[in-house]
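Now for the letters of each chain:
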Amino acid sequence: MSPAMDEKIDPIYQSVIARNPGEKEFHQAVHEVLETLGPVLVKHPEFAHYKLIERICEPERQIIFRVPWVDTHGKVQINRGFRVEFNSALGPYKGGLRFHPSVYLGIVKFLGFEQIFKNALTGLPIGGGKGGSDFDPKGKTDGDIMRFCQSFMMELYRHIGEHTDVPAGDIGVGGREIGFMFGTYKRITNRWEAGVLTGKGLNWGGSLVRTEATGYGAAFFVDEMLKVRKDSFDGKTCVVSGSGNVAIYTIEKIHQLGGKVVACSDSGGYIYDKNGIDLELVQQIKEIERRRISAYAEERKSAKYVDGGNIWEIPCQVAMPSATQNEINGKDAAMLVKNGCIAIGEGANMPTTPEGVKVFQDAGIAYGPGKAANAGGVATSALEMQQNAIRDSWDFEYTENRLRIIMQNIHRDCYETAEEYGSPGNYVVGANIAGFIKVSRAMLAMGVV
Ligand code: NDP
């Protein structure tokens, strides 16, 4: 059961709504954290005295800028760019850039807010931030993408730096886009500053395992939740939404851990393959040819494509939403539980609506919220920064092992914190409180700044 909002905290939440009108995703993300913090103020009245919650809800800096560029047909295009530098108590702002037409300030702030707690949970020295643009990369030429990225960086460069703010990828931003942005940053600043962006190519400062990290980490987190229940992925039927970076490497790791993923999707619909998803084919279609997931069913007789279908109607024991926010609503959650789902691991950020979360928690199934389950991506970005700082590159096995240990530690931290604060098995409570306390202690030590 989700706890009710504490009476001291509710006015803070009301003030967040009043000060940030119309930003419904941001309100949702703040609500989800604040409703779990009541017991923290009982144990730590100093956090209330020094207004830690109010301060954490207010970004340190918000940057909005024009991104003009010229497309393949010679037409002038104008997009809007964002970078919200939310909290730097634990380290430089760190968080991805999202290029998607739905991006506006409320989305960037919800992601930046979640990022503060997620980054704290990794135990690594990184603050929280997020950015992006309402630019739609779908159907654009490589030239369009490059010119957009160059124009975006023409403004962003003055706000970032290896000790200041270190962006990475998110929806619509992968290795290609990071390359174009790094090239522009290098050209403007005349600095080969590896630590300014993460998710770089392997021969120019990138880290092994960064590409796989969010998906692998999410699967490791679910593995840990299953272990607590004396269970494992072995023989489990799984469904993973999306077919982008997070989804692809979630599928790969589930298969390595003995599970069988039977469905994945994109914004057009889902594919179901009773023989298990052929990951090489998905990678060929999505990563190399950049086509729609429907192409999978054209290549595989055992598969069907359901145009506009709801992937959560497929019976599974483990579901890993890995596409976007609010993709599982209360009805979807009820359908998953009814069909025998015992574990949810969120690869995406805030993919389950509050109604959906309540269904999972009431059913008592293992539910790993995004800010804990998908923290492996940013954790490995921090490992990339470490390698950049010492001008070294670590091998795959070593780096993956560090990722696995980080995910085990995050799981344990969330699990133990939930017990300590009277909500055993509630990873939402555990993740929010553990992350909040780490950031608050640092802010307290630094005075009112
Ligand atoms: P990608 O752009 O690589 O893939 C996104 C996938 O989700 C695509 O299959 C896309 O389909 C689908 N999708 C995106 N928007 C929607 C939508 N509105 N409705 C339905 N499907 C949609 O992004 P990532 O894999 O990097 O990111 C996926 C999620 O994981 C996001 O929530 C992101 O914030 C989160 N995340 C990512 C991390 C990373 O390291 N990349 C780290 C932590 C979290 P289509 O191509 O049709 O749009």
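As shown above, the structure is provided for reference.
Below you will find a few notes about this structure.

Here we come to the site of the ligand. Near the ligand there are 24 residues, and of these Asp170, Thr214, Ser267, Arg292 and Asn349 occur at the shortest range. A distance of 2.7 Å separates an oxygen atom of the ligand from a polar side-chain atom of Thr214. With respect to the ligand, the backbone of Val246 contributes an N or O atom lying 2.9 Å from an oxygen atom. For the ligand, whose unbound accessible area comes to 900 Å², protein coverage reaches 83%. Of all elements in the fold, only helix 9 (210-228), helix 10 (245-256) and strand 7 (260-266) reach the threshold of two or more residues within the shell around the ligand. Among the residues forming the shell around the ligand, the class breakdown is four nonpolar, 14 polar and six charged.

The sheet built from seven strands is open, its strands ordered 9-8-7-6-10-11-12 with mixed pairing. Only two strands of the sheet have a single neighbouring strand rather than two, namely strand 9 (303-307) and strand 12 (366-368). Looking at each pair of strands side by side, their axes are set apart by 15° on average, direction ignored. Of the strand pairs in this sheet, strand 8 (residues 269-273) and strand 9 are connected by five bridges, and their pairing is antiparallel. When the bridges of strand 9 are listed, Gly269 appears paired with Asp307. The sheet contacts of helix 10 involve strand 6 (237-240), strand 7 and strand 10 (318-320), and relative to strand 7 the element is tilted by about 175°.

Calculation criteria
- Residues numbered from 1 in each chain as written.
- Predicted model: local features only at pLDDT ≥ 70, side-chain atom pairs only at ≥ 80, totals over all residues.
- Heavy atoms only, no water.
- Near = heavy atom within 4 Å.
- Polar contact = N/O pair within 3.5 Å; in protein donor to acceptor, adjacent residues only side chain to side chain.
- Areas by Shrake-Rupley, 256 points an atom, 1.4 Å probe, with all protein chains shown as cover.
- Helix = DSSP H or I, 4+ residues; strand = E, 2+ residues; numbered from the N terminus.
- Nonpolar A, V, L, I, M, F, W, Y, C, P; charged D, E, K, R; others polar.
- Pairing = 2+ DSSP bridges.
- Axes fitted to C-alpha atoms, helices over the stretch in contact; angles between N-to-C directions.
- Contact = heavy atoms within 4.5 Å.

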